[in-house]
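A structural walkthrough
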Amino acid sequence: MKLIKDLSQREFDRVEELLTKMTLDEKIGQLNQPNLFDDKAALGDLVREGKVGSLVLAYSALAGTESRKSQLGFRQELQRIAIEESPSGIPILFGRDVIHGHRTVFPIPLMQAHSWNVDLVEKASSTAAKEAIADDIHWTFAPMMDIARDPRWGRIIEGFGEDPHLASEMAVAMIKGFQSAGIAACAKHFVAYGASEGGRDYNTTEVSDYTLRNIYLPPFAASVRAGVLTVMASFNDISGEAVTGSRRLLTGLLKEELGFEGFVVSDWDAVGQLIRQGAAADRRAAAAIAINAGIDMDMVSNCFIDHLPELVKDGTVSESRLNDAVRRVLLVKSAVGLLDLPDNRTPMQAPVYELNVQLAHDAAASGMVLLKNEFELLPLPVQEKKIALLGQFLNEQRSMLGSWTLDGRAEDVQVFEECMKQTAPELIFINAASGSADAAVEAAIQADVVIVALGEDWNNTGEARGHAGLLLPDEQLDLLCAVNNVNKNIVSVIFSGRPLIFDEVSQLSKAVLYAGHSGTAAASAAASILFGLNDPCGKLSVTFPRNAGQIPIYYNQRSAGRDIDNYYGKAVFKNYQDCEDSPMYPFGYGLQYTTYEYGKPEINKVDNTICVSVDITNTGKRTGIETVQCYASYPASEFVRPIRELKQFHRVSLNPGETKKVEFNIEINDLAYFAPDGKLIHSKGKYVFWIGGCSTVTESVTIDI
Ligand code: BGC
């Protein structure tokens, strides 16, 4: 697959030639994306008439929670009709939500972000793409890169957390993985959808241009630079401006300022929903507003197909805007090789899947985060001990996959109890056979160590799955309390999607492994970490609060006038009288089975590059991989800046006793920020750089620029 910039002159000419030959109706057809699960005969007729440019292979607006098979055979017949019987013979672009895996399911994107491992993320996406291509899918609606500062929002699991830099790196890795393997990616949801008030999905957002440009926009800008072929507009309004109808955002910011050359698809029915939002009086007006704003393809609302013919004829929508939208769609079709059909493609066979279990295991292990490990209870010994295995997630399969798993199968998922037993066959395992609380307590009494597998049901996470409270269900906490009364050697393993409030879990456990919804091989990865076959190395990509009342709480908050920066330690003024001010676990946090010592950071400037370096030594007894993080803070400037901001990170592998120098080369331009009007501001003065293993690192070094 190619990027648009890599298309040949012949390919550009071919698109122009098609445009000159196509009728108005054929052009409008290219902008129409119905749903595969509409009436079959009617769909066949629409394709025959040239009225289907793309199909969304999703059953409903809640594809992530209501998956259906993507009907390969039926689709192949539709494709045949498009090529052989439709007027222009242009093939259909099949789009599906291949979000974190296809048949092999990798960790939910939030867990992948905890790995900070861009190479692995790229590899997983490329594997997902290859499996999807075998299912004749050309386009995935991923990656989702909405910055999220509110774990109540169910869709926090689909993104990469709270930091613009980490999210940009992850988004680019996924795009490269998908597109280099051959399917078009989609940067979504443009823009600021993650700022939904109160974590209520589809809700209004109140975002200043300053925050938009510096926090929500960077992952999209990075995706455009990486050549992402499509972008999905978001459902929300921003300070009263419905994104789907915003020319300022879709054309001005995305296409003109960022230079995006692919096409913009609306979200599901979002063009029609402009009416409910109060941004359009009727469907005709909605179609006009959306296409004139910059939406190129209409996902399922039918507003374009029904109303564009009259709107173009009466001049409400210009022919040049119509041609621009069609050109963008055809260029993407050209990039994915669809315009070469049927010549360049052998007919699809029924796909044969081999699950990529090893890669799924590596990806799962890499994102799990060790939150607590008192008295080095972990790693567990593999001999001579009695281990009680308890908890609701001991034999859970479906939830391990997480939300947005359209083609993964629960029966492919490893079972945690079995994985524990297979990983350490010489241990004595005690199960609470009857599953009752009494049996669990009885098992805990006999054991040296108790492993409690807890978690969140997958169906409580994802789209339209907000949660006002962030505690584990009562029965799980009750079990933990009952076990704690008889045995303090508790290891809690938590298979949840969103960040939860772990105050009580942490108090009741000596060790806590945040294992997440980590896909097909979540269980073997967690078992391997517990026994030390894999070392935990994940670091949080989002802050875990102590109390839902602290939300929003995030590390890159702006500096205040009074001394209230309690995220980083004690400040003069307390934020809350009824709760600790600090987060439960800060951004960038994660323990390991080894320890590190950081030396004094050094800094110098060569031309326009600042070089910050530090020696890091593995002071423990095990080899480890540390994610070394470099944060910056700013001199006095026109706008109030974040207390600190992640600038770069490196993953470094260190043997016991080994010391390595880690260097960060930061361009002065990368220290600039955006004013609300988009102008870049380069502040002069004293910059402070922190290097360490967490956002709350205290070692710093300064330089005058
Ligand atoms: C979601 C999108 C998704 C689309 C198609 C919408 O409801 O917001 O993220 O890609 O459905 O399934």
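Here the structure is shown first, and the text comes after it.
An account of the accompanying structure is given in this report. A quick note: this is a predicted structure, and the numbers were derived from the prediction, not measured.

1. As for the overall build of the protein
- Across its full length, the protein carries 21 helices and 26 strands.
- Principal-axis analysis of the C-alpha atoms places the extent of the protein at approximately 75 × 65 × 45 Å.
- The buried share of the protein, reckoned over its 705 residues, is 62%.
- Restricting to contacts in the protein with at least 6 residues of sequence separation, those with at least 24 account for 76%.
- Element-wise, carbon and sulfur atoms account for 47% of the exposed surface of the protein, whose accessible area totals about 25,700 Å².
- Here the protein contributes 66 positive and 91 negative side-chain charges, whose respective centroids are spaced 2 Å apart.

2. A word on the layout of surface pockets
- There is about 920 Å³ of room inside the largest pocket.
- Of all the elements in the fold, those that place two or more residues in the lining of the largest pocket are α7 (164-181), α8 (209-216), α9 (218-225), α10 (247-257), β21 (645-654) and β23 (673-674).
- The element that contributes the greatest number of residues to the lining of the largest pocket is β21, accounting for six residues.
- Of the residues in the lining of the largest pocket, the class split is 16 nonpolar, six polar and nine charged.
- Its volume calculated, the second largest pocket comes out at about 530 Å³.
- Taken together, the elements giving at least two residues each to the lining of the second largest pocket come down to β17 (596-598) and β25 (686-692).
- Of the residues assigned to the lining of the second largest pocket, the class counts are eight nonpolar, ten polar and six charged.

3. A few points about a negative patch on the surface
- A contiguous patch of negative charge, built from D474, E475, D478 and E504, is present on the exposed surface.
- With three residues, helix α19 (residues 474-486) is the largest single contributor of residues to the negative patch.
- In this fold, D474 is placed in helix α19.
- Given the relative accessible area of 56%, D474 is considered exposed.

4. Some remarks on the site of the ligand
- Residues in close proximity to the ligand total 14 residues, the closest being D97, R155, K188, H189 and D267.
- Separating an oxygen atom of the ligand from a side-chain N or O atom of H189 is a distance of 2.7 Å.
- Protein contact buries 100% of the 310 Å² of open area that the ligand shows by itself.
- Counting atoms within 2 Å of the grid points, the majority share of the ligand lands in the largest cavity.

5. A few points about the sheet that holds strand β16 (residues 511-514)
- The strand order across the open sheet formed by six strands is β11-β16-β15-β14-β12-β13, and the pairing between neighbours is mixed. Both outer strands of the open sheet, β11 (369-373) and β13 (428-431), are each paired with one neighbouring strand and no more. In this sheet, neighbouring strand axes are inclined to one another by 20 degrees on average, regardless of whether the strands run parallel or antiparallel.
- The pairing of strand β12 (residues 386-390) with β13 spans four bridges and is classified as parallel. Residue K386 lies in a different strand from β13, and its bridge partner there is I428.
- Contacts from α19 reach β12, β14 (449-455) and β15 (490-495), with the element oriented near 170 degrees to β14.
- Lying on the sheet, helix α21 (residues 522-530) is in contact with β14, β15 and β16; it crosses β15 at an angle near 155 degrees.

6. Quick word on the pattern of salt bridges
- Applying the stated criterion across every chain, the model contains 38 salt bridges.
- Here R152 and D150 are joined by a salt bridge, their closest N and O atoms 2.7 Å apart.
- Each of D45, R48, E77, R80, E84 and E85 takes part in a single network of salt bridges with overlapping partners.

Rules behind the numbers
- Residues numbered from 1 in each chain as written.
- Predicted model: local features only at pLDDT ≥ 70, side-chain atom pairs only at ≥ 80, totals over all residues.
- Heavy atoms only, no water.
- Helix = DSSP H or I, 4+ residues; strand = E, 2+ residues; numbered from the N terminus.
- Buried < 20%, exposed > 50% of the residue type's maximum accessible area, 1.4 Å probe, protein only.
- Contact = heavy atoms within 4.5 Å.
- Areas by Shrake-Rupley, 256 points an atom, 1.4 Å probe, with all protein chains shown as cover.
- Lys, Arg positive; Asp, Glu negative; His and termini not counted.
- Charge placed at Lys NZ, Arg CZ, Asp CG, Glu CD.
- 1 Å grid on protein atoms, 1.4 Å probe; cavity = no way out; pocket = protein on both sides within 12 Å on 5 of 7 lines; lining within 4 Å.
- Points joined across faces, edges and corners; volume = space filled by probe spheres on them.
- Nonpolar A, V, L, I, M, F, W, Y, C, P; charged D, E, K, R; others polar.
- Patch = residues over 30% accessible without salt bridge, like charges linked within 9 Å, V, L, I, M, F, W, Y side chains within 5 Å.
- Salt bridge = Lys/Arg side-chain N within 4 Å of Asp/Glu carboxyl O.
- Near = heavy atom within 4 Å.
- Polar contact = N/O pair within 3.5 Å; in protein donor to acceptor, adjacent residues only side chain to side chain.
- Sits in = over half its atoms within 2 Å of the grid points.
- Pairing = 2+ DSSP bridges.
- Axes fitted to C-alpha atoms, helices over the stretch in contact; angles between N-to-C directions.

Shape is all these values report; function is a separate question.
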